[in-house]
Amino acid sequence: IYGTSRESFLNIMHKENRIPILEIDVQGVQTIRALAPTLGLRPKYLFIAPESTERLRERLILRCTERSEEIDLRLSNAVHEIKLGTSEGLFDDVLINSNFSEATNALFRIVRKWYPSMPNAGRIRALQRKMRNLKDCLRRQRQENLQQ
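These remarks concern the structure in this document. Treat the numbers as computed from the prediction; the structure is a model and nothing was measured.

Describing the overall build of the protein
From N to C terminus, the protein includes 6 helices and 2 strands. Walking the protein from its N terminus toward its C terminus, one meets helices and strands in the order α-α-β-α-α-β-α-α. For the protein, whose C-alpha radius of gyration is 20 Å, the value lies well above the compact-globule estimate of 15 Å for 148 residues. Principal-axis analysis of the C-alpha atoms places the extent of the protein at approximately 65 × 40 × 35 Å. Counting every position in the protein, which comprises 148 residues, the buried fraction comes to 18%. Sequence separation of at least 24 residues holds for 54% of the intrachain contacts in the protein that already meet a minimum separation of 6.

Given below as structure tokens:
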């Protein structure tokens, strides 16, 4: 089934008190923009653009998942979506994905701008390290218990 159910989306927002994230194309953004006011939603929209169509072609070729005709079709569609996505008014922000690390940091900055209560990237990395250390500690304890 294609799409996300309204019920699951609203459950994430209201029952789980989380911020749902949807990965949708430009047409999906246009649809959600039209429906959001009637649903009482105030979504934020982020367009993630490649640094260039040439670089996008390289990435698609490196995936080895599509034939050249399919890549050409995807690129022609992408050119249209990039024009719409980077035009004024449809998206709240645009992120250029030229370097994974820089794009990740930019994503954190954008999300923190939109949702100031979100932890910063350093805090998230510290929590990830703490979780990793706890898991390692539990794994060692289990191994010690098995050896006894």
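Structural notes on the pattern of salt bridges
Counted by the stated rule, this structure contains 9 salt bridges. The partner of E51 in a salt bridge is R55, and the shortest N-O contact between them spans 3.6 Å. Here E51 falls in the partly exposed class, since its relative accessible area comes to 41%. In this structure, the salt-bridge partner of K113 is D93, at a minimum N-O distance of 2.9 Å. Of this pair, K113 sits in helix α5 (residues 100-114) while D93 sits in strand β2 (residues 93-97), placing them 20 residues apart in sequence. The exposed category is assigned to K113, whose relative accessible area is 54%. The network of salt bridges with shared partners includes E51, R55 and E58.

A look at the nonpolar core
Counting residues in hydrophobic clusters, the biggest one holds 16 residues, and the most contacted among them are F47 and F91. Considering each element in turn, this core owes the most residues, 4 residues, to helix α4 (residues 68-86). Apart from the residues within four sequence positions on either side, F47 is in contact with V26, E81, I82, G85, T86, F91, D93, V94 and L95. L95, A106, I110 and W114 belong to the second largest nonpolar core, which has 5 residues in total.

Comments concerning α5
Compared with the 21 Å implied by 1.5 Å per residue over 15 residues, the 21 Å span of α5 between its first and last C-alpha is a close match. Looking at the buried residues of α5, the elements they touch are β1 (46-50) and β2. One side-chain oxygen at the N-terminal end of α5 lies 3.0 Å from the backbone nitrogen of S101; it belongs to N99.

Here's the deal with the packing of aromatic side chains
Under the definition given, this model contains 1 aromatic pair. Residues F47 and F91 carry aromatic rings whose centres are separated by 5.1 Å and whose planes lie at 65° to one another, so their mutual orientation is edge-to-face. Taken as a pair, F47 in strand β1 and F91 in the loop between α4 and β2 lie far apart in primary sequence, 44 residues in all. By relative accessible area, which is 11% here, F91 ends up buried.

Some remarks on the packing of helix α3 (residues 53-63) against α4
Put simply, α3 and α4 touch, their axes get as near as 11 Å, and they point 145° apart. Helix-helix and strand crossings are classified by hand; for α3 and α4 the assignment is right-handed. Here α3 contributes T53, L56, R57, L60, I61 and R63 to the contact with α4, which in turn contributes I71, D72, R74, L75, A78, V79 and I82. By residue class, the composition of the contact of α3 with α4 is 8 nonpolar, 1 polar and 4 charged.

The rules behind these values
- Residues numbered from 1 in each chain as written.
- Predicted model: local features only at pLDDT ≥ 70, side-chain atom pairs only at ≥ 80, totals over all residues.
- Heavy atoms only, no water.
- Helix = DSSP H or I, 4+ residues; strand = E, 2+ residues; numbered from the N terminus.
- Rg over C-alpha atoms; globule rule 2.2 N^0.38 Å.
- Buried < 20%, exposed > 50% of the residue type's maximum accessible area, 1.4 Å probe, protein only.
- Contact = heavy atoms within 4.5 Å.
- Salt bridge = Lys/Arg side-chain N within 4 Å of Asp/Glu carboxyl O.
- Core = buried A, V, L, I, M, F, W, Y, C linked by side-chain atoms within 4.5 Å.
- Expected span 1.5 Å × (residues − 1).
- Polar contact = N/O pair within 3.5 Å; in protein donor to acceptor, adjacent residues only side chain to side chain.
- Phe/Tyr/Trp six-rings, centres within 6.5 Å; stacked < 30°, edge-to-face > 60°.
- Axes fitted to C-alpha atoms, helices over the stretch in contact; angles between N-to-C directions.
- Left-handed = near helix turned anticlockwise from the far one by under 90°.
- Nonpolar A, V, L, I, M, F, W, Y, C, P; charged D, E, K, R; others polar.

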